[in-house]
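# Tertiary structure, described
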Amino acid sequence: MNLYQKYILPELIQLACSNNRFTEKRQSLLPQASGRVLEIGIGSGLNLPFYSEEQVEHITGLEPNERLRQKASAVAKEINIAVALSTNGAEDIPLDTQSIDTIVTTFTLCSIDKLEKALEEMRRVLKPNGVMLFCEHGYAPEQNIQIWQNRLNPFWKKIAGGCHLNRDFDTLIKQAGFTITQGDYQYMQGPRAFSYIYKGIAKPR
Ligand SMILES: C[S@@+](CC[C@H](N)C(=O)[O-])C[C@H]1O[C@@H](n2cnc3c(N)ncnc32)[C@H](O)[C@@H]1O
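The structure contained in this document is the topic of the report that follows. From a predicted model like this one, the values you see are computed outputs, not experimental measurements.

## Quick word on the overall build of the chain
Counting secondary structure elements, the chain contains six helices and seven strands. What you see in the chain, going N to C, is helices and strands ordered as α-α-β-β-α-β-β-α-β-α-α-β-β. Principal-axis analysis of the C-alpha atoms places the extent of the chain at approximately 45 × 40 × 30 Å. Every one of the 205 residues in the chain was classed for burial, and the buried ones make up 40%. A separation threshold of at least 6 residues defines the contact pool for the chain, and within that pool the share at least 24 residues apart is 68%.

## Re the sheet that holds strand 5 (residues 126-137)
Taken in spatial order, the seven strands of this open sheet run 3-2-1-4-5-7-6, and their pairing is mixed. At either margin of the open sheet sits one strand with a lone partner, and together these are strand 3 (82-86) and strand 6 (178-187). Going from strand to strand, the sheet's axes swing by 15° on average, the running direction of each strand aside. Pairing analysis gives six bridges linking strand 4 (residues 100-106) to strand 5, with the strands arranged parallel. In the sheet register, I103 faces strand 5, and the bridge partner there is M132. Sheet strands touched by helix 4 (residues 115-125): strand 1 (35-40), strand 4, strand 5, strand 6 and strand 7 (196-204). Its angle to strand 5, the strand with the most contacts, is close to 140°.

## Notes on the pairing of strand 3
Pairing of strand 2 (residues 56-62) with strand 3, which is carried by five bridges, proceeds in the parallel orientation. Paired with L62 across the bridge in strand 3 is S86. With respect to chirality, the unit in which strand 2 leads through helix 3 (residues 66-76) into the neighbouring parallel strand 3 is right-handed.

Quick notes on the rules
- Residues numbered from 1 in each chain as written.
- Predicted model: local features only at pLDDT ≥ 70, side-chain atom pairs only at ≥ 80, totals over all residues.
- Helix = DSSP H or I, 4+ residues; strand = E, 2+ residues; numbered from the N terminus.
- Buried ≥ 20, exposed ≤ 12 C-beta atoms within 10 Å, placed from the backbone.
- Contact = placed C-beta atoms within 7 Å.
- Pairing = 2+ DSSP bridges.
- Axes fitted to C-alpha atoms, helices over the stretch in contact; angles between N-to-C directions.
- Right-handed = clockwise from strand over helix to strand, strands pointing away.

See the structure below:
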């Protein structure tokens, strides 16, 4: 890990993820989490204030980036839900099979290197009646935007911590053995190559 990735990127990620439009998505999604929750790539803990203290028993947050994990740890101390943070990536989830009620992933699946493996792991730890709440930016439906997403992707990945612009999460989530029971896919405000949002709920098939 170079100095940019260690010190500058975590600050940029936190800044980008703190924008109001992301916050609105968090507010609409996270109150639906309940029971034992697994958050994939918890980042600086921006979702933590939106969980229901009545509904959520425990949160496990995966975060490989040390600086972001430290920030999440500070936020975790301010809420009344027990939070355990892990250094593991989603490709190797340190939890028992079928032990989780809700998986949360917000703006993270774009950055996971071995996404197929990560989704397989997420499917493994989720209970048969569990849910995955997701909100991700990804591949736009229009070909003229996709062309730009594919062109920009190699450069963007380098400066944005491995973030891909061109992942079609509807297809990828379904291919991993989930059924999408609610999907709200639309552009947020902002440049179209970066702002097509896949928000929804998936259940194991
Ligand atoms: C854009 S940030 C989003 C952070 C947070 N989910 C949010 O909504 O603010 C992407 C996050 O994914 C994390 N990440 C990258 N690769 C990962 C992996 N293999 N497993 C889990 N998290 C990963 C990064 O460290 C970073 O915290």
